[in-house]
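If you want the building blocks of each chain, they are given just below.
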Amino acid sequence: MKIIGITGKIGAGKSLVLGYLEAMDGSFVLESDVLAKSLYQKGYSVYKRVAEVFGSDILDTETKEIDKIKLSSLVFADSAKLETLNSIVHPAVKEEILRLIEEKRSEGISVFFIEAALLIQDGYREICDEIWFIKADEETRIKRLMSSRGYSFEKCQSIIQNQPDDDYYEKNSDRIFDNTKDVLSVFEEIDKALALI
(Lines give C-alpha, C1' and ligand atoms only; values in the text may rest on other atoms or scores of the structure.)
Protein backbone atom coordinates (compact mmCIF):
# COMPACT_ATOMS: atom_id res chain seq x y z
CA MET A 1 0.00 0.00 0.00
CA LYS A 2 1.26 3.46 -0.93
CA ILE A 3 0.67 6.40 1.41
CA ILE A 4 0.33 9.78 -0.25
CA GLY A 5 0.00 13.09 1.56
CA ILE A 6 -2.11 15.80 -0.05
CA THR A 7 -1.56 19.40 0.95
CA GLY A 8 -2.21 22.88 -0.39
CA LYS A 9 -3.30 26.33 0.58
CA ILE A 10 -6.87 27.41 1.21
CA GLY A 11 -8.92 27.78 -1.97
CA ALA A 12 -6.57 25.65 -4.09
CA GLY A 13 -9.33 23.13 -4.83
CA LYS A 14 -8.15 20.23 -2.66
CA SER A 15 -11.75 19.11 -2.03
CA LEU A 16 -12.37 18.57 -5.75
CA VAL A 17 -9.17 16.55 -6.02
CA LEU A 18 -10.08 14.51 -2.92
CA GLY A 19 -13.48 13.70 -4.42
CA TYR A 20 -11.75 12.39 -7.54
CA LEU A 21 -9.31 10.28 -5.51
CA GLU A 22 -12.04 8.91 -3.27
CA ALA A 23 -13.98 7.61 -6.29
CA MET A 24 -11.02 5.48 -7.42
CA ASP A 25 -11.07 1.72 -6.82
CA GLY A 26 -8.67 0.63 -4.10
CA SER A 27 -8.16 4.09 -2.61
CA PHE A 28 -8.97 5.54 0.78
CA VAL A 29 -9.03 9.28 1.53
CA LEU A 30 -8.60 10.61 5.05
CA GLU A 31 -9.16 14.29 5.81
CA SER A 32 -7.19 15.07 8.96
CA ASP A 33 -9.48 17.97 9.99
CA VAL A 34 -12.53 15.70 9.86
CA LEU A 35 -10.68 13.07 11.89
CA ALA A 36 -9.54 15.66 14.44
CA LYS A 37 -13.11 16.92 14.90
CA SER A 38 -14.33 13.39 15.59
CA LEU A 39 -11.67 12.93 18.30
CA TYR A 40 -13.13 15.89 20.23
CA GLN A 41 -16.32 13.90 20.90
CA LYS A 42 -17.13 12.24 24.19
CA GLY A 43 -15.50 8.85 24.58
CA TYR A 44 -12.30 9.79 22.79
CA SER A 45 -8.95 10.49 24.46
CA VAL A 46 -8.78 14.05 23.05
CA TYR A 47 -12.12 14.92 24.64
CA LYS A 48 -11.02 13.68 28.04
CA ARG A 49 -7.62 15.41 27.95
CA VAL A 50 -8.96 18.74 26.60
CA ALA A 51 -11.70 18.79 29.25
CA GLU A 52 -9.12 18.07 31.97
CA VAL A 53 -6.72 20.79 30.80
CA PHE A 54 -9.19 23.55 29.91
CA GLY A 55 -11.94 22.83 32.43
CA SER A 56 -15.69 22.36 32.29
CA ASP A 57 -16.25 25.95 31.09
CA ILE A 58 -15.54 24.80 27.52
CA LEU A 59 -18.29 22.16 27.64
CA ASP A 60 -21.82 22.65 26.37
CA THR A 61 -24.05 22.95 29.45
CA GLU A 62 -26.60 20.43 28.14
CA THR A 63 -24.75 17.86 26.02
CA LYS A 64 -21.40 18.12 27.87
CA GLU A 65 -19.69 17.93 24.47
CA ILE A 66 -16.80 20.34 23.82
CA ASP A 67 -18.18 23.67 22.64
CA LYS A 68 -15.88 24.54 19.71
CA ILE A 69 -16.76 28.25 19.89
CA LYS A 70 -15.88 28.49 23.59
CA LEU A 71 -12.67 26.53 23.06
CA SER A 72 -11.65 28.61 20.03
CA SER A 73 -12.21 31.92 21.78
CA LEU A 74 -10.12 30.66 24.71
CA VAL A 75 -7.12 29.34 22.76
CA PHE A 76 -6.91 31.82 19.90
CA ALA A 77 -6.56 34.66 22.39
CA ASP A 78 -3.61 32.94 24.06
CA SER A 79 -0.75 31.41 22.05
CA ALA A 80 0.42 29.26 25.00
CA LYS A 81 -3.05 27.71 25.32
CA LEU A 82 -3.19 27.12 21.56
CA GLU A 83 0.17 25.37 21.75
CA THR A 84 -1.13 23.22 24.61
CA LEU A 85 -4.23 22.29 22.62
CA ASN A 86 -2.12 21.40 19.57
CA SER A 87 0.17 19.26 21.74
CA ILE A 88 -2.90 17.22 22.75
CA VAL A 89 -4.66 17.01 19.38
CA HIS A 90 -1.85 16.57 16.84
CA PRO A 91 -0.25 13.43 18.37
CA ALA A 92 -3.70 11.87 18.86
CA VAL A 93 -4.59 12.52 15.21
CA LYS A 94 -1.28 11.02 14.04
CA GLU A 95 -1.78 7.95 16.25
CA GLU A 96 -5.27 7.41 14.81
CA ILE A 97 -3.96 7.86 11.26
CA LEU A 98 -1.31 5.18 11.86
CA ARG A 99 -4.01 2.87 13.23
CA LEU A 100 -6.20 3.49 10.16
CA ILE A 101 -3.27 2.88 7.80
CA GLU A 102 -2.79 -0.58 9.28
CA GLU A 103 -6.54 -1.25 9.20
CA LYS A 104 -6.81 -0.26 5.52
CA ARG A 105 -3.66 -2.18 4.63
CA SER A 106 -5.26 -5.35 6.02
CA GLU A 107 -8.41 -4.58 3.98
CA GLY A 108 -6.39 -4.54 0.76
CA ILE A 109 -6.48 -0.81 0.04
CA SER A 110 -3.75 0.03 -2.48
CA VAL A 111 -3.41 3.81 -1.99
CA PHE A 112 -4.07 5.65 1.29
CA PHE A 113 -4.37 9.44 0.87
CA ILE A 114 -3.91 11.75 3.85
CA GLU A 115 -5.09 15.35 3.39
CA ALA A 116 -3.88 17.98 5.83
CA ALA A 117 -3.24 21.71 5.53
CA LEU A 118 -0.25 21.34 7.90
CA LEU A 119 0.93 18.02 6.50
CA ILE A 120 4.52 19.20 6.01
CA GLN A 121 4.70 21.28 9.20
CA ASP A 122 3.33 18.42 11.34
CA GLY A 123 5.98 15.95 10.17
CA TYR A 124 3.90 13.63 7.98
CA ARG A 125 6.86 13.20 5.62
CA GLU A 126 7.94 10.27 7.84
CA ILE A 127 4.59 8.53 7.21
CA CYS A 128 4.09 9.30 3.50
CA ASP A 129 5.75 7.72 0.48
CA GLU A 130 5.05 10.93 -1.46
CA ILE A 131 3.68 14.40 -0.74
CA TRP A 132 1.53 16.10 -3.38
CA PHE A 133 0.99 19.86 -3.42
CA ILE A 134 -2.25 21.13 -4.97
CA LYS A 135 -1.70 24.76 -5.95
CA ALA A 136 -3.58 27.62 -7.54
CA ASP A 137 -2.67 31.27 -7.97
CA GLU A 138 -3.77 33.78 -5.34
CA GLU A 139 -6.36 35.53 -7.51
CA THR A 140 -8.09 32.22 -8.27
CA ARG A 141 -8.04 31.16 -4.63
CA ILE A 142 -9.55 34.46 -3.48
CA LYS A 143 -12.33 34.20 -6.10
CA ARG A 144 -13.11 30.65 -4.99
CA LEU A 145 -13.22 31.56 -1.30
CA MET A 146 -15.45 34.58 -1.88
CA SER A 147 -17.79 32.50 -4.05
CA SER A 148 -17.92 29.20 -2.12
CA ARG A 149 -17.55 30.41 1.48
CA GLY A 150 -18.82 33.98 1.24
CA TYR A 151 -15.58 35.40 2.64
CA SER A 152 -14.78 39.07 2.17
CA PHE A 153 -11.72 40.01 0.10
CA GLU A 154 -10.04 41.23 3.31
CA LYS A 155 -10.71 37.95 5.15
CA CYS A 156 -9.27 35.98 2.22
CA GLN A 157 -6.13 38.10 2.21
CA SER A 158 -5.74 37.76 5.97
CA ILE A 159 -5.93 33.94 5.79
CA ILE A 160 -3.60 33.73 2.78
CA GLN A 161 -0.98 35.98 4.40
CA ASN A 162 -0.77 33.58 7.35
CA GLN A 163 0.11 30.59 5.17
CA PRO A 164 3.60 29.74 3.88
CA ASP A 165 4.36 30.76 0.31
CA ASP A 166 4.32 28.35 -2.65
CA ASP A 167 8.10 27.91 -2.54
CA TYR A 168 7.85 26.29 0.89
CA TYR A 169 5.30 23.74 -0.33
CA GLU A 170 7.13 23.11 -3.60
CA LYS A 171 10.46 22.48 -1.85
CA ASN A 172 8.82 19.97 0.48
CA SER A 173 6.64 18.13 -2.06
CA ASP A 174 7.36 15.31 -4.50
CA ARG A 175 4.71 16.31 -7.05
CA ILE A 176 3.00 19.62 -7.80
CA PHE A 177 -0.41 19.89 -9.44
CA ASP A 178 -1.51 23.32 -10.66
CA ASN A 179 -5.27 23.54 -10.17
CA THR A 180 -5.62 27.18 -11.26
CA LYS A 181 -7.68 26.71 -14.42
CA ASP A 182 -8.54 23.26 -15.72
CA VAL A 183 -9.29 20.60 -13.13
CA LEU A 184 -9.61 17.88 -15.81
CA SER A 185 -5.94 18.30 -16.70
CA VAL A 186 -5.12 17.94 -12.98
CA PHE A 187 -7.07 14.66 -12.94
CA GLU A 188 -5.07 13.46 -15.97
CA GLU A 189 -1.80 14.37 -14.23
CA ILE A 190 -2.94 12.50 -11.11
CA ASP A 191 -3.74 9.38 -13.19
CA LYS A 192 -0.25 9.52 -14.72
CA ALA A 193 1.36 9.97 -11.29
CA LEU A 194 -0.55 7.02 -9.83
CA ALA A 195 0.50 4.82 -12.76
CA LEU A 196 4.12 5.46 -11.80
CA ILE A 197 3.94 4.50 -8.13
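This text goes with the structure placed above it.
Our subject in this report is the structure included herewith. If you're wondering where the values come from, they're calculated on a predicted model, not measured in any experiment.

The five strands lie next to each other as β2-β3-β1-β4-β5, forming an open sheet whose pairing is parallel. Single-partner strands in this sheet number two, and they are β2 (27-31) and β5 (175-178). When the angles between neighbouring strand axes are averaged without regard to direction, this sheet yields 20°. Of the strand pairs in this sheet, strand β1 (residues 2-8) and strand β4 (residues 130-135) are connected by five bridges, and their pairing is parallel. Counterpart to Ile6 in the pairing with β4 is Trp132. Packed onto the sheet, helix α1 (residues 14-22) meets β1, β2, β3 (111-115) and β4 and runs at close to 150° relative to β2.

Our next topic: a negative patch on the surface. On the surface, Asp137, Glu138, Asp178, Asp182, Glu188, Glu189 and Asp191 cluster together into a patch of negative charge. The dominant element in the negative patch, judged by the number of residues it contributes, is helix α9 (residues 183-196), at three residues. By secondary structure assignment, the location of Asp182 is in the loop between β5 and α9.

Looking now at the environment of Asn162. Along the chain, Asn162 falls in the loop between α7 (153-161) and α8 (166-171). The exposure class assigned to Asn162 is exposed, which follows from its relative accessible area of 66%. Here the alpha-carbon distance between Asn162 and Ile197, two residues 35 residues apart in the chain, equals 33 Å.

Attention shifts here to helix α2 (residues 32-39). All of the buried residues in α2 are Ser32, Leu35, Ala36 and Leu39. One side of α2 holds all its buried residues, which, seen down the axis, span an arc of 100°. The exposed residues of α2 that point more than 90 degrees off its buried face are Val34 and Lys37.

A separate point is the pattern of salt bridges. According to the stated counting rule, one finds 13 salt bridges in the structure shown. Of the charged contacts, one joins Glu52 and Arg49 as a salt bridge, the two residues approaching to 3.3 Å between their closest N and O atoms. Here the residue Glu52 and the residue Arg49 both occupy positions in helix α3 (residues 45-54), the gap between them amounting to three residues, near one helical turn. Of the charged contacts in the structure, one is a salt bridge between Glu139 and Lys143, with a shortest N-O distance of 3.3 Å. Residue Glu139 and its partner Lys143 are both found in helix α6 (residues 138-148); the two are separated by four residues, about one turn of the helix. By relative accessible area, which is 54% here, Lys143 ends up exposed. Each of Glu96, Arg99, Glu103, Lys104 and Glu107 takes part in a single network of salt bridges with overlapping partners.

The backbone of Lys64 sits at a positive phi, close to 65°, despite the residue not being glycine. With respect to the helices, strands and loops of the structure, Lys64 is situated in the loop between α3 and α4 (68-75). Accessibility expressed as a relative area gives 43% for Lys64, which makes it partly exposed.

The next subject is the packing of α4 against helix α5 (residues 79-106). Where α4 meets α5, the axes come as close as 7 Å, and the angle between the chain directions of the two elements is 125°. Our classification of the angle between α4 and α5 gives oblique. Along its contact with α4, which presents Leu71, Leu74 and Val75, the element α5 presents Ser79, Lys81, Leu82 and Leu85. Across the contact of α4 with α5, the residue classes break down as five nonpolar, one polar and one charged.

The buried fraction of β1 is high, at six of seven residues. As defined by bridge partners, β1 adjoins β3 across five bridges and the pair is classed as parallel. Pairing of Ile3 across the sheet is with Phe112, part of β3.

So, how was this worked out
- Residues numbered from 1 in each chain as written.
- Predicted model: local features only at pLDDT ≥ 70, side-chain atom pairs only at ≥ 80, totals over all residues.
- Heavy atoms only, no water.
- Pairing = 2+ DSSP bridges.
- Helix = DSSP H or I, 4+ residues; strand = E, 2+ residues; numbered from the N terminus.
- Axes fitted to C-alpha atoms, helices over the stretch in contact; angles between N-to-C directions.
- Contact = heavy atoms within 4.5 Å.
- Patch = residues over 30% accessible without salt bridge, like charges linked within 9 Å, V, L, I, M, F, W, Y side chains within 5 Å.
- Areas by Shrake-Rupley, 256 points an atom, 1.4 Å probe, with all protein chains shown as cover.
- Salt bridge = Lys/Arg side-chain N within 4 Å of Asp/Glu carboxyl O.
- Lys, Arg positive; Asp, Glu negative; His and termini not counted.
- Charge placed at Lys NZ, Arg CZ, Asp CG, Glu CD.
- Buried < 20%, exposed > 50% of the residue type's maximum accessible area, 1.4 Å probe, protein only.
- Arc of directions from axis to C-beta.
- Parallel < 35°, antiparallel > 145°, perpendicular 65-115°, else oblique.
- Nonpolar A, V, L, I, M, F, W, Y, C, P; charged D, E, K, R; others polar.

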